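One letter stands for each residue in the lines below.
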Amino acid sequence: QVQLVESGGGLVQVGGSLRLSCVAPSNIFRTYSFGWYRQAPGKQRELVATLTGGRFTNYKDSVEGRFTISRANNKNSVDLQMTSLQPEDTAVYYCAAGLHLVAAGPVRGFWGQGTQVTVSS
């Protein structure tokens, strides 16, 4: 069974915005740190944003000030609000939950199914 369910991807123009959501089972939501990764064609997967300890955030330098990761506690959801989108943001975005989030992926954790974000060039 899929444990992390992603939604919100799609096609957007340069400079536009999208909001991605990741819904987790309540036990995972209450216990784990969360992050968003992305992978563009022909490139390595990269860690975009993390939410640790329920409130501490960290971002890849290239998205700092444009992307915001947050929790919606009443929905068991971790969201990624993306603004000022650029063509280089085009990728499949993956939600992850784990004991820790490192560059390679979640430690003792789980992946979402991925959602495509395409920014028109």
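You'll find the structure just up there.
Reading the values: rules and limits
Residues numbered from 1 in each chain as written. Predicted model: local features only at pLDDT ≥ 70, side-chain atom pairs only at ≥ 80, totals over all residues. Heavy atoms only, no water. Buried < 20%, exposed > 50% of the residue type's maximum accessible area, 1.4 Å probe, protein only. Helix = DSSP H or I, 4+ residues; strand = E, 2+ residues; numbered from the N terminus. Pairing = 2+ DSSP bridges. Core = buried A, V, L, I, M, F, W, Y, C linked by side-chain atoms within 4.5 Å. Axes fitted to C-alpha atoms, helices over the stretch in contact; angles between N-to-C directions. Phe/Tyr/Trp six-rings, centres within 6.5 Å; stacked < 30°, edge-to-face > 60°.

S.K.: Even after reading the chapter, I still don't get the pairing of strand 8 (residues 77–82), so can you show me in this structure?
M.R.: Looking along a regular strand, one sees side chains alternate from face to face of the sheet. Judged by how many residues are buried, strand 8 sits mostly within the fold: five of six residues are covered. Bridging between strand 3 (residues 18–23) and strand 8 involves six bridges; their strand directions are antiparallel. Paired with S21 across the bridge in strand 8 is D79. Two elements, strand 7 (residues 67–72) and strand 8, share six bridges in a ladder whose sense is antiparallel. Across the sheet, I69 pairs through a bridge with L80, a residue of strand 8. Hairpin connection from strand 7 to strand 8: four residues lie between these consecutive antiparallel strands, with N76 at a positive phi of about 50 degrees.

S.K.: Could you clarify how one ought to interpret the nonpolar core in this entry?
M.R.: In globular proteins that are soluble, nonpolar side chains generally tend to be buried together. The biggest cluster of nonpolar side chains holds 28 residues, and the ones touching the most others in it are F34, W36, L80, M82 and Y93. Going through the elements one at a time, strand 3, helix 1 (26–31), strand 4 (33–39), strand 5 (46–52), strand 7, strand 8, strand 9 (91–98) and strand 13 (115–119) are the ones with two or more residues in this core.

S.K.: What's the story with the sheet that holds strand 1 (residues 5–7) in this structure? I'm lost.
M.R.: Strands in a sheet are paired, the pairing made by backbone hydrogen bonds, and the direction either parallel or antiparallel. As summarised here, the arrangement of the four strands in space is 1-3-8-7, forming an open sheet in which the pairing is antiparallel. Looking at the sheet topology across the chains shown, the edges are occupied by strand 1 and strand 7. Taking each pair of neighbouring strands and ignoring which way they run, the sheet shows an average axis angle of 15 degrees. Bridge analysis of strand 1 against strand 3 gives three bridges, and the strand direction is antiparallel. In the sheet register, S7 faces strand 3, and the bridge partner there is S21.

S.K.: What exactly am I supposed to notice about the packing of aromatic side chains here?
M.R.: Each aromatic ring pair is described using two quantities: the centre-to-centre distance and the angle formed by the ring planes. Overall, the coordinates contain four aromatic pairs when judged by the stated rule. Relative to W111, the ring of Y37 has its centre 5.0 Å away and its plane inclined at 55 degrees; by these criteria the two rings are tilted. With Y37 in strand 4 and W111 in strand 12 (residues 110–111), this pair connects stretches of sequence that are 74 residues apart. Overall, Y37 belongs to the buried group, its relative accessible area being 0%. We classify W111 as partly exposed; its relative accessible area is 34%. Where Y94 meets W111, the ring centres are 6.1 Å apart and the plane angle is 85 degrees; that geometry is what we call edge-to-face. Here the residue Y94 occupies a position in strand 9, and W111 occupies one in strand 12, the gap between them amounting to 17 residues. With a relative accessible area of 22%, Y94 lands in the partly exposed category. Feature note: the residues Y37, Y94 and W111 constitute an aromatic cluster, connected by ring pairs.

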